[in-house]
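Residue-level listing of the chains:
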Amino acid sequence: MHPSQLFHAPPASKFKYAEHFFKRAQAGLFHGRTIQFGNNVPESRYKTRRTWQPNVRSKRMKSEILNQVMRWNVTMHAMRTVKKYGSLDDYLLKVRTKWLGERAMLVRTKLQDEVRKQEQEQAKPTSNGKRKWKATQLEKMSDRLMTSIPKPDRPSVAERLS
């Protein structure tokens, strides 16, 4: 095996896509960032090998669905992506599984179970026998649009008749 080729070991986890080239990415949110390799090239042009580490910070993030604060090792690229999605829960539920490590996949399955449980609670019949149906995404969007449209200043029906 040549030293320039990456050794690709079979995944140690039960998740199909939770496979990363270095172990530290399994425990945090790295969003695909890995160690990069290259050369230092000074003015004399004698090349020496070097590595570039991902920009990792330790952050405490709250999961609203699980109602827990969790400490994560997060790259700044992943932090920007979490901010773009709006919350940690949305990031873990919506992002492709290839960007998540083992720990993130475990939290994702917990979140999915909790969301399913909440949906089942909402779908249970109420005391009068009618079901409380959850509004669809299209209904939510149309409600938002209808509330954002300003109403014109028109006289009421009583004022028009008089």
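This one's a predicted model, so the numbers in the text were calculated from it and none came from an experiment.

Q: Requested: an account of the pattern of salt bridges, with residues and values cited.
A: Summed over the entire model, instances satisfying the criterion amount to two salt bridges. The shortest N-O distance in the salt bridge between arginine 116 and aspartate 113 comes to 3.1 Å. Of the two residues, arginine 116 and aspartate 113 are both situated in helix H3 (residues 102-123); the distance of three residues between them amounts to about one turn of the helix. For arginine 116, a relative accessible area of 45% gives the class partly exposed. The partner of glutamate 114 in a salt bridge is lysine 117, and the shortest N-O contact between them spans 3.8 Å. Here glutamate 114 and its partner lysine 117 are both found in helix H3, three residues apart, which amounts to about one turn of the helix. By relative accessible area, lysine 117 is classed as partly exposed at 46%.

Q: Provide a residue-level description of the layout of surface pockets, including the pertinent values.
A: Considered as a void within the structure, the second largest pocket measures approximately 160 Å³ in volume. Surrounding the second largest pocket, Gly32, Arg33, Thr34, Gln36, Trp52, Gln53, Pro54, Asn55, Thr75, Met76, His77 and Arg80 form its lining. Among the elements that line the lining of the second largest pocket, the one with the most residues is helix H1 (residues 76-85), at three residues. Here the residues of the lining of the second largest pocket sort into three nonpolar, seven polar and two charged.

Q: Report on unusual backbone geometry, specifying residues and quantitative values.
A: Phi is positive for arginine 45, close to 65 degrees, though the residue is something other than glycine. When you line up the elements, arginine 45 lands in the loop between strand E1 (36-40) and strand E2 (48-52). Look at arginine 45 and you get exposed, because its relative accessible area is 67%. Phi is positive for asparagine 67, close to 55 degrees, though the residue is something other than glycine. Relative to the elements of secondary structure, asparagine 67 occurs in the loop between strand E3 (56-63) and strand E4 (68-75). Look at asparagine 67 and you get exposed, because its relative accessible area is 57%.

Basis of the calculations
Residues numbered from 1 in each chain as written. Predicted model: local features only at pLDDT ≥ 70, side-chain atom pairs only at ≥ 80, totals over all residues. Heavy atoms only, no water. Salt bridge = Lys/Arg side-chain N within 4 Å of Asp/Glu carboxyl O. Helix = DSSP H or I, 4+ residues; strand = E, 2+ residues; numbered from the N terminus. Buried < 20%, exposed > 50% of the residue type's maximum accessible area, 1.4 Å probe, protein only. 1 Å grid on protein atoms, 1.4 Å probe; cavity = no way out; pocket = protein on both sides within 12 Å on 5 of 7 lines; lining within 4 Å. Points joined across faces, edges and corners; volume = space filled by probe spheres on them. Nonpolar A, V, L, I, M, F, W, Y, C, P; charged D, E, K, R; others polar.

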